[in-house]
Amino acid sequence: GCPSAYAQIDSAVGWGTLISGGGGTPDLFHVCCTIPSNSCGVPYQPAWNNFQNTHSGNGYAGIYVMLSGAPDNCREYLQSKLVSSLSLGKTYCVRIYASLSDNSKAFISSLGLYLDNGSVSAPSQFGLAMVSPQVYDIAAPLNDTINWMKIEGSFIASGNEEYITIGNFFPDSSSGIVLIGTPSVWYSYYFIDDVSVIETSLPAFAGKDTLIHPGDSVFIGRQPEVGLDEDCVWFVDGVPIDTIAGMWVKPDNTTTYILEQTICGNVKYDTVTVSVSGVGVDEYRWGRSWVKVYPNPSDGDNISVSFPFVSIGDYQVLNVLGEVVFKGNIMNTDKIEINLGGIVKGCYFIKVQEKDRSYVGRFVKGD
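A brief report on the enclosed structure follows. All of these numbers come straight from a predicted model, not from anything done at the bench.

1. Some points on the state of the cysteines
Under the criterion given, the structure shown has three disulfides. Across the disulfide, C2 is cross-linked to C32 (sulfur-sulfur distance 2.3 Å). With the S-S bond torsion at -120°, the cross-link from C2 to C32 turns out left-handed. Of this pair, C2 sits in the segment before β1 (15–16) while C32 sits in the loop between β2 (27–30) and β3 (44–45), and the two are 30 residues apart along the sequence. With relative accessibility at 41%, the residue C2 sits in the partly exposed group.

In structure tokens, the structure reads:
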């Protein structure tokens, strides 16, 4: 539903405050606010003299995290149930974006993210929840009122985590409070947007190789998703073309798209080749993109590469930037063996050249 005033976080599907008690009265801001002149619109909240665009989408939340007249007793918490419970022993990347409100008279450095089974509570409606958040950065001053600040970290799940809770879990004395000017009363209020919890070992997925006719489009990758979108960068010929989990493409000719996925520093690669042909599968199999690599991905040092018979030619192994990392000659064969012991893990191309004919393939070098 569309909010009409402050304290209406329940209007956002799946969101609220602490189900076990406390958590204050978090706010929802949305472009559909029914009384924009009040305090729930986006990007303006005239009643509070605030302005902030969304990080993405059409809305965001807001919470108080401290107040000078109520030390350790002015805490609001956002809470939502996860799509699925976390798995024991797996590592997850947790991320939110925060922005300090224009009317705040102080800022802190202790916004945190806590994941549990929903049992976290506060001793009073605006009391301090006495738990230790798994993700926080006490050293970074959260003082930007214009841009969105990323708070991100990873942790190993215990297996009972079903909820994520966002707020200040530290007493005022440990919150890194810094005043803005010389106010007689000070408080900190933050907007919150784009919350995500993603397994760090999630495989990169560029999609399946496909054949299209000229003028056709095809979808590659995963469906766009908050959090994962910014982790995924697509490359063509070493040049980044987009940052999103998945997208529609319409290449004029056969094109290989490289996906680089980085989740809390964990980098994975995948590739997909979209072949453009007006003839059919045979043209694709025996055209420019016919090189087979086995095993692929390769977790060892040796790979086997097969291709149409070459009398006299050469081969090159290139990284995603187009730099040659291996090369060699080919004579009277349709198969070669290559030792990869000298290259780091990642995505690579292999190009086989014979006079005016070339064949291109790709493979992933693992650990």
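2. Quick word on the sheet that holds strand β20 (residues 255–263)
Strand order in the open sheet made by the five strands is β15-β21-β20-β17-β18, with mixed pairing throughout. Two strands bound the open sheet, and with one partner strand each, they are β15 (210–212) and β18 (239–243). Averaged over all neighbouring strand pairs, the angle between strand axes comes to 30°, with direction disregarded. In the sheet, β15 pairs with strand β21 (residues 266–276) via three bridges, with the strands oriented parallel. What sits directly across from L211, in β21, is S275.

3. Re the pairing of strand β12 (residues 163–168)
For β12, a buried count of six out of six residues is recorded, marking the element as mostly surrounded by other parts of the structure. Along β12, one buried face is formed by Y163, T165 and G167 and the opposite face, lined by I164, I166 and N168, is buried too. In this structure, strand β6 (residues 78–81) lies alongside β12, joined through four bridges in antiparallel fashion. By the bridge assignment, Q79 is partnered in β12 with T165. In terms of strand pairing, strand β9 (residues 111–116) meets β12 through six bridges, oriented antiparallel. Along β12, the bridge assignment pairs L113 with I166.

4. A few points about the pattern of salt bridges
Under the counting rule described, the total for this entry stands at seven salt bridges. Between D172 and R75 there is a salt bridge, and its shortest N-O distance comes to 2.7 Å. Residue D172 is located in the loop between β12 and β13 (178–179), and its partner R75 is located in the loop between β5 (59–67) and β6; the two are separated by 97 residues in the primary sequence. One exposure class covers both D172 and R75, and it is buried. The shortest N-O distance in the salt bridge between E230 and R95 comes to 3.7 Å. Placement of E230 in helix α1 (residues 228–231) and of R95 in strand β7 (residues 91–100) is noted, with a sequence separation of 135 residues between them. Relative accessible area serves as the criterion here: at 2%, R95 is assigned to the buried category.

5. Comments concerning the packing of aromatic side chains
If you walk through the whole model with that rule in mind, you get 17 aromatic pairs. Centre to centre, the rings of F29 and Y189 are 6.5 Å apart; their planes meet at 90°, and the pair counts as edge-to-face. Note that F29 is positioned in strand β2 and Y189 in strand β14 (residues 187–199), a separation of 160 residues in sequence. Each of the two residues, F29 as well as Y189, counts as buried. With a centroid separation of 5.6 Å and 65° between ring planes, the pair formed by Y60 and W148 is classed as edge-to-face. One end of the pair, Y60, is in strand β5; the other, W148, is in the loop between β10 (135–136) and β11 (149–156), with 88 residues separating them in the sequence. A relative accessible area of 3% places Y60 in the buried class. Members of the aromatic cluster, joined through ring pairs, are Y6, F29, W48, Y60, Y64, W148, Y187, Y189 and F191.

Cut-off values and rules
Residues numbered from 1 in each chain as written. Predicted model: local features only at pLDDT ≥ 70, side-chain atom pairs only at ≥ 80, totals over all residues. Heavy atoms only, no water. Disulfide = S-S within 2.5 Å. Helix = DSSP H or I, 4+ residues; strand = E, 2+ residues; numbered from the N terminus. Buried < 20%, exposed > 50% of the residue type's maximum accessible area, 1.4 Å probe, protein only. Pairing = 2+ DSSP bridges. Axes fitted to C-alpha atoms, helices over the stretch in contact; angles between N-to-C directions. Salt bridge = Lys/Arg side-chain N within 4 Å of Asp/Glu carboxyl O. Phe/Tyr/Trp six-rings, centres within 6.5 Å; stacked < 30°, edge-to-face > 60°.

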